[in-house]
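The lines below spell out each chain.
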Amino acid sequence: MPKKDRMSGNEAVAYAIRQVNPDVMPAFPITPSTEIPQMVSTYIANGQMDTEFIPVESEHSSMSATIGAQAAGARSLTATSSAGLALMWEELLLAASNRMPCVLTLVNRTLSGPININCDHSDSMGARDTGWIQIYAENNQEAYDNFIQAYPIAENGKVHLPVMVCQDGFITSHAVQNIELLDDDTVRDFVGTYEPEEFLLNPGKPVSVGPYSISAYAMEAKKNQEAAMENSKEVIVNVGRSFERISGRKYGLFEEYRTEDADYIMLIMGSAAGTAKQACDDLRAKGVKAGILKLRVFRPFPAEEIAGALSKCKCVAIMDRCESYNGNGGPLSMEVCAALFKYKTDIEAISYMYGLAGRDFTVDHVYRIFEEMEDHINNGTDVEQYQYIGLRKQEQR
Amino acid sequence: MNQGLEIRWHGRGGQGAKTAALLLADVAFKTGAYVQGFPEYGPERMGAPITAYNRISRDEIRVHSNIYTPDLVVVVDETLLHSVDVTAGLKEDGAIIVNTTASKEEIIPLLNGYKGLVYTVDARKISIETLGKNFPNSPMLAAAVAVSGVMDKSAFLREMRTSYEHKFAKKPEVIEGNMRALAMTFDALADELKDRA
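Being a predicted model, the structure only gives us computed values, none of them experimental.

Peer 1: If you had to explain the overall build of chain B to someone new, which residues and values would you point to?
Peer 2: Looking only at helices and strands, chain B features 6 helices and 6 strands. What you see in chain B, going N to C, is helices and strands ordered as β-α-β-β-β-β-α-β-α-α-α-α. The C-alpha radius of gyration of chain B comes to 16 Å, within 12% of the 16 Å expected for a compact globule of 197 residues. Judged by the C-alpha coordinates and their principal axes, chain B covers about 40 × 40 × 40 Å. For chain B, the residues scored as buried account for 47% of the 197 residues in total.

Peer 1: Let's hear about the packing of helix 3 (residues 59-72) of chain A against helix 5 (residues 89-97) of chain A: which residues, and what values?
Peer 2: Residues and elements named next belong to chain A. Where helix 3 contacts helix 5, the two axes come as close as 8 Å, and the packing angle between them is 15°. By the criterion of interaxial angle, the relationship of helix 3 to helix 5 is roughly parallel. The handedness of the crossing between helix 3 and helix 5 is left-handed. Taken together, the residues of helix 5 that come into contact with helix 3 (itself represented by His-60, Met-63, Ser-64 and Ile-67) are Glu-91, Leu-92, Leu-94 and Ala-95. A class-by-class count of the residues in the contact of helix 3 with helix 5 yields 5 nonpolar, 2 polar and 1 charged.

Peer 1: Residues and numbers for the interface of chain B and chain A, please.
Peer 2: Counting from both sides, the interface comprises 18 residues of chain B and, opposite them, 21 residues of chain A. Listed by contribution, the elements that provide at least two residues to the side of chain B that touches chain A are helix 1 (17-30) and strand 2 (34-40) of chain B. With 6 residues, strand 2 of chain B is the single largest residue contributor to the side of chain B that touches chain A. Split by residue class, the side of chain B that touches chain A holds 11 nonpolar, 5 polar and 2 charged.

Peer 1: Would you mind going over the sheet that holds strand 15 (residues 386-388) of chain A in detail, with residue names and values included?
Peer 2: Residue and element names in this part refer to chain A. Overall, mixed pairing links the 6 strands, which are arranged 9-11-10-13-14-15 in an open sheet. Each end of this open sheet is capped by a strand with a single partner; those strands are strand 9 (254-257) and strand 15. On average, adjacent strands in this sheet sit at an angle of 20° to one another, irrespective of strand direction. Where strand 9 meets strand 11 (residues 290-295), 4 bridges bridge the pair, whose relative direction is antiparallel. When the sheet's bridge partners are listed, Glu-256 is paired in strand 11 with Leu-293. Here helix 12 (residues 331-342) sits on the sheet and contacts strand 10 (264-268), strand 13 (315-320) and strand 14 (348-353); the angle it forms with strand 13, its principal contact strand, is near 145°.

Peer 1: Describe in detail the pairing of strand 6 (residues 133-136) of chain A, supporting the description with residues and values.
Peer 2: Residues and elements named next belong to chain A. Judged by which residues are buried, strand 6 turns out to be covered on both faces: Ile-133 and Ile-135 on one side and Gln-134 and Tyr-136 on the other are all buried. As paired strands, strand 6 and strand 7 (residues 163-168) are joined by 4 bridges and run parallel to one another. Looking at strand 7, one finds that Tyr-136 is bridged to Cys-166. Crossover connection from strand 6 via helix 7 (residues 140-154) to parallel strand 7: handedness right-handed. Sheet analysis places strand 6 next to strand 12 (residues 297-299), joined by 2 bridges and oriented antiparallel. Among the inter-strand pairings, Gln-134 is bridged to a residue of strand 12, identified as Arg-299.

Peer 1: I'd like a description of the sheet that holds strand 7 of chain A, backed by residues and values.
Peer 2: All names here are of chain A. Taking strand neighbours across the sheet as the criterion, the 5 strands line up as 4-5-7-6-12 in an open arrangement whose pairing is mixed. Every interior strand has two partners, whereas the edge strands, strand 4 (77-81) and strand 12, have only one. The sheet shows a mean angle of 20° between the axes of neighbouring strands, direction not considered.

Peer 1: Let's hear about the domain arrangement of chain A: which residues, and what values?
Peer 2: All names here are of chain A. Here the domain parsing of chain A yields domain 1 (3-247) and domain 2 (255-396). The distance between the C-alpha centroids of domain 1 and domain 2 comes to 28 Å. Each side of the interface is counted separately: domain 1 has 24 residues, and domain 2 has 19 residues. Secondary structure elements with two or more residues in the side of domain 1 that touches domain 2: helix 6 (122-126), strand 6 and helix 9 (215-247). Here the side of domain 1 that touches domain 2 is built from residues that sort into 9 nonpolar, 9 polar and 6 charged.

Peer 1: Describe the nonpolar core, naming the residues involved and giving the relevant values.
Peer 2: In terms of nonpolar packing, the biggest core is built from 170 residues, with Leu-267 of chain A together with Ile-97 and Ala-144 of chain B touching the most fellow members. Top contributing element to this core by residue count: helix 1 of chain B, with 10 residues. Among the domains, domain 1 (3-247) and domain 2 (255-396) of chain A are the pair contributing at least three residues each to this core.

Peer 1: Provide a residue-level description of helix 12 of chain A, including the pertinent values.
Peer 2: All names here are of chain A. Between its first and last C-alpha, helix 12 extends 17 Å over 12 residues, near the 16 Å set by a 1.5 Å rise per residue. Residues of helix 12 that are buried include every one of Pro-331, Leu-332, Ser-333, Glu-335, Val-336 and Leu-340, and no others. Residues of helix 12 that are buried in the fold lie against helix 6, strand 10, helix 11 (303-310), strand 13 and strand 14. Just downstream of helix 12 lies Lys-344, where phi reads positive at about 50°.

Peer 1: Describe helix 3 (residues 123-131) of chain B, and please don't skip the residues or the numbers.
Peer 2: One turn of the α-helix equals 3.6 residues, which is why residues spaced by three or four share an orientation. Residue and element names in this part refer to chain B. By the burial criterion, the buried members of helix 3 are Ala-123, Ile-126, Ser-127 and Thr-130. Mapping the buried residues of helix 3 onto a view down its axis gives an arc of 95°, with all of them on the same face. Immediately beyond the C-terminal end of helix 3, within one or two residues, lies Gly-132, with a positive phi of roughly 80°.

Parameters and conventions
- Residues numbered from 1 in each chain as written.
- Chains lettered and ligands numbered in written order.
- Predicted model: local features only at pLDDT ≥ 70, side-chain atom pairs only at ≥ 80, totals over all residues.
- Helix = DSSP H or I, 4+ residues; strand = E, 2+ residues; numbered from the N terminus.
- Rg over C-alpha atoms; globule rule 2.2 N^0.38 Å.
- Buried ≥ 20, exposed ≤ 12 C-beta atoms within 10 Å, placed from the backbone.
- Axes fitted to C-alpha atoms, helices over the stretch in contact; angles between N-to-C directions.
- Parallel < 35°, antiparallel > 145°, perpendicular 65-115°, else oblique.
- Left-handed = near helix turned anticlockwise from the far one by under 90°.
- Contact = placed C-beta atoms within 7 Å.
- Nonpolar A, V, L, I, M, F, W, Y, C, P; charged D, E, K, R; others polar.
- Pairing = 2+ DSSP bridges.
- Right-handed = clockwise from strand over helix to strand, strands pointing away.
- Domains from an automatic or database assignment.
- Core = buried A, V, L, I, M, F, W, Y, C linked by C-beta atoms within 7 Å.
- Expected span 1.5 Å × (residues − 1).
- Arc of directions from axis to C-beta.

If you want it as structure tokens, here you go:
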């Protein structure tokens, strides 16, 4: 029987880790890490799970050890946040290219500078081209549900790729909210036992992991890795369907909220999508044809599906919580615009930067963005194609 | 936008305003409500002003922003009245609770002309009497529950005992003191709240 409870996003993920009970968890135990390794180590100390916890001296080491354990044949995971993910960068690519189906639970926080500890997506967006599947959560419930789905996606024979499960720092990681928890047996049955086809500690069938590859072969390895990422799209959708059967909660590549007849759509990821949905309801009550497209899976990037979902609207506001410093917009905006062009979707698109380094994002911001889209379409008012929302006014600086 | 009851806590790092907000979410959850309790982190040091928030609603809560037009403000440290605009956005039909030794009449002039209900609690005195130390957050939590009417006294005390037994599993000796602090605060506010009813 599912249980109604209340907990923070960190507690929710730690609870899911206990239920999945992976074999090995190497993690750097102090800042910039999160409460998640601390909570997991408490579960282990209390005898509630038997994962081998390895406190390591840096995140470079935690990802190295995760790869090592996974290669040896153990279901492995690590946890980090912000600068911790940046320090893992070199190893992130090794995990993906060596096709390790390990999991990383990330709490999204900004990268310096200015020195700041709060939420934005600059850590995971910096790792967007490392070959990891990236799944984002709106709230503690989704962080919990996404973690439970991570291994079935990663370990699928058509995928064999690592999965990064992301949630917004402080906004969901430290916020206590209602949640519905599955029981341990349901989760364990869903995730199943890990049975690797090939692994290092298998004397009957020796394999090499991570050898040098000459140019005559290396490019094929990269092409295979790209094919696996493409395959993962279908697997993510299928795992979402199976998960719905045990939980009643729907998961796909993205969620379409009141978009069916929407003239104006906001495309957004993470906790801000909840705020956007509330504002969308308020606007609908006033007759504005507003809709929200909440992107759940950023890698693989569902370009064709997004272009299709936006094809009937007049204007989309693409919301980035990470600056790309390229002069044109954030990473989400760049990829969505490329998708719209590739799939010949002729709609207006405006790129907004919001919530950097923990700047609050409110329903009022959402109202203003929809107002701007409406004004642009109905009255032909010029609009800045790439702009910041929520900056201090000149007099407040 | 209907988000039910919205509460903003003002305190200083180390005083437990964040813990109080999380405990309030905890007990309100027990009444079957949708809840949110979360801190806003500023500079990470003891004594820096911090803010924490609660949303309590009969409907699912989806908004993840801070609270700008609270129904109730709780000030855990009265020295903040001189540096933080604690009544900013506070609804006129709402209320503010200040931890102070001063009287309500002395506090009102410090509230930037706020016209709503004002309550004072001497949380330091209650805390020292019951715990031997100044931990103002338990009395202020009780005051927030009493003033907001989230739940009645007996249900609140029953749920808080369970919460404390969980939270203080490793130092059970502080549970009774905290329980007495909660009850004393309810009693201290009883007359004033009766007048309002």
